[in-house]
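So you can see what is in the structure, the chains are spelled out below.
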Amino acid sequence: MAGVTRIEIRETAAELGVLIQQQSNPNLKERLQVLYLLQLPGAMSISGIAKVVGRNRGSVQRPLSLYRANGLAGLLKTRQSPGRPQAIPAWAVNSLKRRLDDPETGFGSYPQVQQWLADTLNVEAEYATVHHLVR
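Residues numbered from 1 in each chain as written. Predicted model: local features only at pLDDT ≥ 70, side-chain atom pairs only at ≥ 80, totals over all residues. Heavy atoms only, no water.

K.L.:
Before we go on, may I ask you to explain the packing of aromatic side chains in this structure?
P.N.:
Where two aromatic rings form a pair, the distance of their centres and the angle of their planes describe that pair. One pass over the full model with this rule turns up two aromatic pairs. Geometrically, the ring pair formed by Phe107 and Trp116 is edge-to-face, given 5.8 Å between the ring centres and 65 degrees between the ring planes. With a relative accessible area of 13%, Trp116 lands in the buried category. Taking the centre distance of 6.0 Å and the plane angle of 90 degrees together, the rings of Tyr110 and Tyr127 count as edge-to-face. With Tyr110 in helix 6 (residues 110–120) and Tyr127 in helix 7 (residues 127–134), this pair connects stretches of sequence that are 17 residues apart. Residue Tyr110 is classed as partly exposed on the basis of its relative accessible area of 25%. Accessibility expressed as a relative area gives 41% for Tyr127, which makes it partly exposed. (Phe/Tyr/Trp six-rings, centres within 6.5 Å; stacked < 30°, edge-to-face > 60°. Buried < 20%, exposed > 50% of the residue type's maximum accessible area, 1.4 Å probe, protein only. Helix = DSSP H or I, 4+ residues; strand = E, 2+ residues; numbered from the N terminus.)

K.L.:
Explain the nonpolar core to me, please; I cannot follow it from the model alone.
P.N.:
Formed by 18 residues in total, the largest nonpolar core has its most connected members in Ile9, Val34, Leu35, Leu38, Val60, Leu64 and Tyr67. Where this core is concerned, the elements lending two or more residues are helix 1 (13–22), helix 2 (26–39), helix 3 (46–53) and helix 4 (57–76). Discounting residues that sit within four places of it in the chain, Leu35 has contacts with Ile9, Leu16, Leu64, Tyr67, Leu72 and Leu75. Core analysis: the next-biggest nonpolar cluster, separate from the first, contains ten residues, Ala92, Val113, Leu117 and Leu121 among them. (Core = buried A, V, L, I, M, F, W, Y, C linked by side-chain atoms within 4.5 Å. Contact = heavy atoms within 4.5 Å.)

K.L.:
Which parts of the structure should I look at to understand the packing of helix 2 against helix 4?
P.N.:
Packed helices, taken two at a time, are described by the angle between their axes plus the distance between the axes. Contact pair helix 2 / helix 4: the axes reach a minimum separation of 11 Å and the direction vectors enclose 95 degrees. Viewed along their axes, helix 2 and helix 4 adopt a mutual orientation that is roughly perpendicular. Packed against helix 2, whose contacting residues are Leu28, Arg31, Leu32, Val34, Leu35 and Leu38, the element helix 4 presents Val60, Pro63, Leu64, Leu66, Tyr67, Leu72, Leu75 and Leu76 at the interface. (Axes fitted to C-alpha atoms, helices over the stretch in contact; angles between N-to-C directions. Parallel < 35°, antiparallel > 145°, perpendicular 65-115°, else oblique.)

K.L.:
How should I be thinking about the environment of Val18 in this particular structure?
P.N.:
In this structure, Val18 sits in helix 1. Distance in space between the C-alpha atoms of Val18 and Arg98 is 51 Å, their sequence separation being 80 residues.

Spatial relationships are all this shows, so hold off on functional conclusions.
Here it is, written out as structure tokens:
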């Protein structure tokens, strides 16, 4: 049949249906739905499946490549973004926390905390960052 992707799906349609119901992540649920639609009798083409799930053809084929290479575990694996590094490192936060916990050596204002970080720990931080951290 022309246009039907050649992929060996090891899970049955029933197993995929159960996995879809259990999945809470919408992106992973969509990936499983693509496999489910390919596993049904009279499988649709990738373009047809893309229309059904509301994606373009390439967005449907990328997860299939993951499935081909790594199976179901590879398909359901999500990458965690490393995120932006903290403006004030953890060691500086610990040092500041010890200083704030000491009742004899307090700060009168957030700019004083900001200045202490710069002078003592050589950590430059914006006022809003210091305010958020200390508050």
